[in-house]
Amino acid sequence: MAGSSVASGAGSSGAGTAGSGGAARGYRPSATLPFAAEFRRQASRRRTQLALGFMALLPIIILIAFQFESGGDDGNGRGEFASLADLATSGGLNFTLFSILVSASFLLVVVVALFCGDTVASEASWGSLRYLLAVPVPRARLLTVKLVVALAYSLLALLLLAGTALLVGTLRYGWEPLRSQVAAELAPGEGVLRLLAVLGYLAVVLLVVAGLAFLLSVTTDAALGAVGGAVLLWILSSILDQITALGVLRDFLPTHYSSAWLGLLSTPVQTDDVVRGSISAIAYATLFWSLAYWRFTRKDITS
């Protein structure tokens, strides 16, 4: 009788603490590591604050630099860049376009690589990654939340750059039509739509950097190595794309269509390379993210 009572009591106690599959009652994998908590956690980090702060500060720096232009360097070989700078001071939309142009090939690449390459590798370098998994947070969910947060901050950085440039440019140079070297003058309303299309395409192209940096982030404990590796490989692809002897092989480089957004400013709009570039970027990003998930869900976490 006593044995039955003890067994019954133990069984009822276990039933109250364990669910199906041996998990604690009430445990839901989807409730671990909420997106909002990770977003706030990353917002408190110094690198996030500095990166976003610099994206907001850059248009102001460019604006100040234009105020020191002497106008006496026309014969010193400034060429095409000089004409772009002249366009930049002809209105807020043009100033925004110029800010995007000078940032797209390197600065935005570094910022996206920073957010996506640092997110997992930094946890490993601090020794906190294994504790997150011991909560327990499922590995796939951990990666998904960190990737989505990194992409959200990357998009925020892009919008912050464009938004600040549009604000300070309009206050300084006025609300004028959008002009470029590849298009006829566009009314301000249509110019805004074109700039939004440019930002959308840049966001898609930068998914390649995000995917590559994220893959490197799950394979190394060195955050700087993940960020720097992604940037260096992007630069290498850009260099190879300039070698015409590679012929059709250049079409398969992830950077080959990185400047196709200029077609969105032409009259009429040229979308062929934009479509090809979008497909290429999504394909590369999906491949890199798939490899990242495959690697992370199978590796031993010791840090």
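Residues numbered from 1 in each chain as written. Predicted model: local features only at pLDDT ≥ 70, side-chain atom pairs only at ≥ 80, totals over all residues. Heavy atoms only, no water.

Bringing the overall build of the chain into the picture now. Counting its regular elements, the chain contains 12 helices and 2 strands. Along the chain, helices and strands appear, N-terminal first, in the series α-α-α-α-α-α-α-α-β-β-α-α-α-α. Here the chain holds 303 residues, and 41% of them are scored as buried. Put simply, of all contacts in the chain between residues at least 6 apart along the chain, 78% involve residues at least 24 apart. Within the structure as shown, the chain displays about 15100 Å² of accessible surface, and the carbon and sulfur contribution to it stands at 67%. (Helix = DSSP H or I, 4+ residues; strand = E, 2+ residues; numbered from the N terminus. Buried < 20%, exposed > 50% of the residue type's maximum accessible area, 1.4 Å probe, protein only. Contact = heavy atoms within 4.5 Å. Areas by Shrake-Rupley, 256 points an atom, 1.4 Å probe, with all protein chains shown as cover.)

Another aspect to go through is the packing of helix α8 (residues 139–173) against helix α10 (residues 207–219). α10 packs onto α8 with a crossing angle of 140° between their chain directions and a minimal axis gap of 11 Å. In this view, α8 runs oblique relative to α10, as classed from their interaxial angle. The element α8 and its partner α10 pack so that their crossing is right-handed. In this structure, α8 uses Leu143, Leu147 and Leu151 to contact α10, whose residues at the interface are Leu207, Ala210, Phe214 and Val218. Split into classes, the residues belonging to the contact of α8 with α10 amount to 7 nonpolar, no polar and no charged. (Axes fitted to C-alpha atoms, helices over the stretch in contact; angles between N-to-C directions. Parallel < 35°, antiparallel > 145°, perpendicular 65-115°, else oblique. Left-handed = near helix turned anticlockwise from the far one by under 90°. Nonpolar A, V, L, I, M, F, W, Y, C, P; charged D, E, K, R; others polar.)

This part is about the nonpolar core. Grouped together as the largest cluster of nonpolar side chains are 73 residues, with contacts concentrated most on Phe66, Phe95, Phe115, Tyr201 and Trp261. When neighbours within four sequence positions are excluded, tyrosine 201 is seen to be in contact with Tyr257, Ser258, Ala260, Trp261, Leu264, Asp273, Val274, Gly277 and Ser278. (Core = buried A, V, L, I, M, F, W, Y, C linked by side-chain atoms within 4.5 Å.)

What follows covers the packing of aromatic side chains. Evaluated as defined, the whole model comprises 7 aromatic pairs. Between phenylalanine 39 and tyrosine 153, the ring centres sit 4.4 Å apart and the planes meet at 10°, which makes this aromatic pair stacked. In this pair, phenylalanine 39 sits in helix α2 (residues 35–43) while tyrosine 153 sits in helix α8, placing the two residues 114 residues apart along the sequence. Overall, the relative accessible area of 28% leaves phenylalanine 39 in the partly exposed class. (Phe/Tyr/Trp six-rings, centres within 6.5 Å; stacked < 30°, edge-to-face > 60°.)

Within the secondary structure, serine 103 is located in helix α5 (residues 92–104). The class of serine 103 is buried, set by a relative accessible area of 1%. Not counting residues up to four positions away in its chain, the partners in contact with serine 103 are Leu58, Leu108 and Leu161.

Looking now at α8. Helix length check: α8, at 35 residues, gives a terminal C-alpha distance of 50 Å against a target of 51 Å (1.5 Å per residue), a fit within 8%. Glycine 174 sits one or two positions beyond α8 and adopts a positive phi of about 90°. (Expected span 1.5 Å × (residues − 1).)

So, on to the pattern of salt bridges. All chains considered together, the criterion is met by 8 salt bridges. The residue glutamate 185 makes a salt bridge to arginine 179 at a minimum N-O spacing of 3.1 Å. A residue is classified by how much of its surface remains accessible, and arginine 179, at 27% relative accessible area, is partly exposed. Because the salt bridges share partners, they merge into one network encompassing Glu38, Arg41 and Lys146. (Salt bridge = Lys/Arg side-chain N within 4 Å of Asp/Glu carboxyl O.)

With respect to the secondary-structure elements, glycine 277 resides in helix α12 (residues 272–296). Residue glycine 277 is classed as buried on the basis of its relative accessible area of 4%. Residues glycine 277 and histidine 256 lie 21 residues apart in sequence; the distance between their C-alpha atoms is 7.7 Å. If near-sequence neighbours (up to four positions away) are discounted, glycine 277 is found in contact with Tyr201 and Tyr257.

Taken together, the side chains of Leu233, Leu236, Leu240, Ile243, Leu246, Val248, Leu249 and Phe252 present a nonpolar region at the surface, about 710 Å² in accessible area. The residue leucine 249 is located in the loop between α11 (223–241) and α12 in this model. (Patch = residues over 30% accessible without salt bridge, like charges linked within 9 Å, V, L, I, M, F, W, Y side chains within 5 Å.)

Looking at the chain, pLDDT values average 84 and 79% of them are 70 or higher. In the predicted structure, residues 1–22 sits below a pLDDT of 50 and forms 10 contacts with residues beyond four places in sequence or in another chain. (pLDDT = per-residue confidence, 0-100.)

Right, let's get into unusual backbone geometry. Going from threonine 267 to proline 268, the amide bond is cis rather than trans, its omega being 0°. When you line up the elements, proline 268 lands in the loop between α11 and α12.

Attention shifts here to the packing of α10 against α12. As a packed pair, α10 and α12 sit with axes 8 Å apart at the nearest point and diverge in direction by 15°. By the angle between their axes, α10 is roughly parallel relative to α12. Helix-helix and strand crossings are classified by hand; for α10 and α12 the assignment is left-handed. Across from Leu207, Val208, Ala210, Gly211, Leu212, Phe214, Leu215, Val218 and Thr219 in α10, the residues of α12 making contact are Ala281, Tyr284, Ala285, Phe288, Trp289, Leu291, Ala292, Arg295 and Phe296. A per-class count over the contact of α10 with α12 returns 15 nonpolar, 2 polar and 1 charged.

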